[in-house]
Amino acid sequence: MIERKKECISMLLAGGQGSRLYVLTENTAKPAVPFGGKYRIIDFSLSNCVNSGIDTVGILTQYQPLELNDYIGNGQPWDLNRNFGGAHVLPPYTKTTSNQWYKGTANAIYQNIPFIERYQPEYVLILSGDHIYKMDYNKMLQFHKEKGSECTIAVINVSMEDATRMGIMSTDENQAIVDFEEKPAHPKSTQASMGVYIFTWAALKKYLIADEADPNSENDFGKNVIPAFLRDGRPMYAYPFEGYWKDVGTLGSLWDANMDLLDPKDPLDMRNPHSKIYARNYASPSTMIAPSSKVSNSFITEGCRIKGTVENSVIYTGCEVEEGAVVSGTVLMPNTIVRKGSTISYAIVGEQCVIEENVTIGARPEDCLGEDWGISVVGHKKTIPSGTVIKPKEIV
């Protein structure tokens, strides 16, 4: 008999503009930004779903969706090409004259109630498509069931400084949530929301409908729906997470997360075969690292040609570093060429760039006065003419 019901499905919010990534998201949705040599940011949430036994994922797109749509395709690279379930790209759509762009995270889910109802789920997992982490959502679901929770929020401990930029929870001795504040000026705790929620669907549907009917609502989970659950005394719990998690919403955090992959302690647990990160890989299998090259502590992806010096860097698929070029502390995104005589230090260089001869991009921290140093960034598909100097913190 064909299965017509799913216990838990996932809704992955992937429509964000990612404005703090500047030139890297001018024509690309943030979840489609390359990460880690051969991945896209969204690969982590999709792979977590599959590794957790969740085989139905609605991917809600809005801003610059074309590249993301092409990348996801039928979901086959993540084993999400299913006859019933699988990966579904869900842009805003019009069924009445009142429908419009997704107004907020809660409205995005509200507009897709018919999609969710197709699977008659007991539980709905809400995810963000712009975080780097590995997590077994099934363990969180078991926690949700055991607590009799209607809303469970994954939390991670952060610094007091970071707490002012996040949704912060206070809990009792049983991990029940007793207080929630979105980006508080004076945080009462350091338990921060990871943007990973499990809701009992019957309860969430009721609150989404009520939220949509409120003309004063911003239609946002953190600002409206979660406070409404709390205000009404619904059973809500915080699920503690102790692994690696990073919001890569800024240029600095994106660079940091790429560099974390080079840590020999492997904080992201990338070597674990039981939590593999899957990706659509367009790479040519042929990689050439010349005997005369100098490569140290770097991630060199398939399909690269390295003749120069590469140290402490992440080099993506299809990149070329010519003889005499030096790349250090840098993220080179796919199909970028660095010509001879050029030096790139502590930078992010976008996809399909050509760095002509004798260009200088960025600098090492020790070569700058403290406040003058920062990551240099070159946007996608840029050609940087010979002799150009791009200073630290400069964005092209």
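Above this text sits the structure in question.
Residues numbered from 1 in each chain as written. Predicted model: local features only at pLDDT ≥ 70, side-chain atom pairs only at ≥ 80, totals over all residues. Heavy atoms only, no water.

Participant: Got a minute to help me understand the overall build of the protein chain in this structure?
Facilitator: Counting its regular elements, the protein chain contains nine helices and 30 strands. Radius of gyration (C-alpha) of the protein chain: 22 Å, near the 21 Å computed for a compact globule of 396 residues. A principal-axis box enclosing the C-alpha atoms of the protein chain has dimensions of 65 × 50 × 45 Å. For the protein chain, restricting intrachain contacts to residue pairs at least 6 apart in sequence, the fraction spanning at least 24 positions comes to 59%. Across the protein chain, the mean location of the 38 positive side-chain charges is 4 Å away from that of the 47 negative side-chain charges. (Helix = DSSP H or I, 4+ residues; strand = E, 2+ residues; numbered from the N terminus. Rg over C-alpha atoms; globule rule 2.2 N^0.38 Å. Contact = heavy atoms within 4.5 Å. Lys, Arg positive; Asp, Glu negative; His and termini not counted. Charge placed at Lys NZ, Arg CZ, Asp CG, Glu CD.)

Participant: Can you help me understand the pattern of salt bridges in this one?
Facilitator: One side chain can pair with another of opposite charge once the charged atoms of both are near each other. If you walk through the whole model with that rule in mind, you get 18 salt bridges. Here Asp 55 and Lys 6 are joined by a salt bridge, their closest N and O atoms 3.1 Å apart. Of the two residues, Asp 55 sits in the loop between α1 (42-51) and β4 (56-60) while Lys 6 sits in the segment before β1 (8-13), which places them 49 residues apart along the sequence. The pair formed by Asp 55 and Lys 6 is uniform in burial state, with each residue classed as buried. Of the charged contacts in the structure, one is a salt bridge between Glu 218 and Lys 223, with a shortest N-O distance of 3.2 Å. By relative accessible area, Glu 218 is classed as partly exposed at 48%. The network of salt bridges with shared partners includes Lys 6, Asp 55, Asp 79 and Arg 82. (Salt bridge = Lys/Arg side-chain N within 4 Å of Asp/Glu carboxyl O. Buried < 20%, exposed > 50% of the residue type's maximum accessible area, 1.4 Å probe, protein only.)

Participant: Can you walk me through the pairing of β4 in this structure?
Facilitator: On a regular strand, each side chain points to the face opposite its neighbour's, so the side chains alternate between the two faces of the sheet. Burial of β4 is extensive: five of the five residues sit out of reach of the surface. Because side chains alternate across β4, one face comprises the buried residues Thr 56, Gly 58 and Leu 60, and the other comprises Val 57 and Ile 59, equally buried. Across four bridges, β1 lies against β4 in parallel orientation. Residue pairing across strands places Leu 12 opposite Ile 59, the latter belonging to β4. In the sheet, β4 pairs with strand β5 (residues 86-90) via five bridges, with the strands oriented parallel. Paired with Ile 59 across the two strands is Val 89, which belongs to β5. (Pairing = 2+ DSSP bridges.)

Participant: Sorry if this is basic, but what is going on with the nonpolar core here?
Facilitator: If you look at the biggest cluster of nonpolar residues, it comprises 48 residues, and the most contacted ones within it are Phe 35, Leu 254, Leu 332, Ile 348 and Ile 355. Put simply, the parts of the chain that give this core at least two residues each are α9 (251-260), β19 (314-315), β22 (331-332), β25 (347-349) and β28 (376-378). The element contributing the most residues to this core is α9, with five residues. Non-local contacts of Ile 348, meaning those with residues more than four positions away in its chain, are made with Leu 24, Leu 251, Leu 254, Trp 255, Val 331, Met 333, Ile 375, Ser 376, Val 377 and Val 378. Among the nonpolar cores identified, the runner-up in size contains 41 residues, and Leu 80, Met 135, Ala 154 and Ile 156 belong to it. (Core = buried A, V, L, I, M, F, W, Y, C linked by side-chain atoms within 4.5 Å.)

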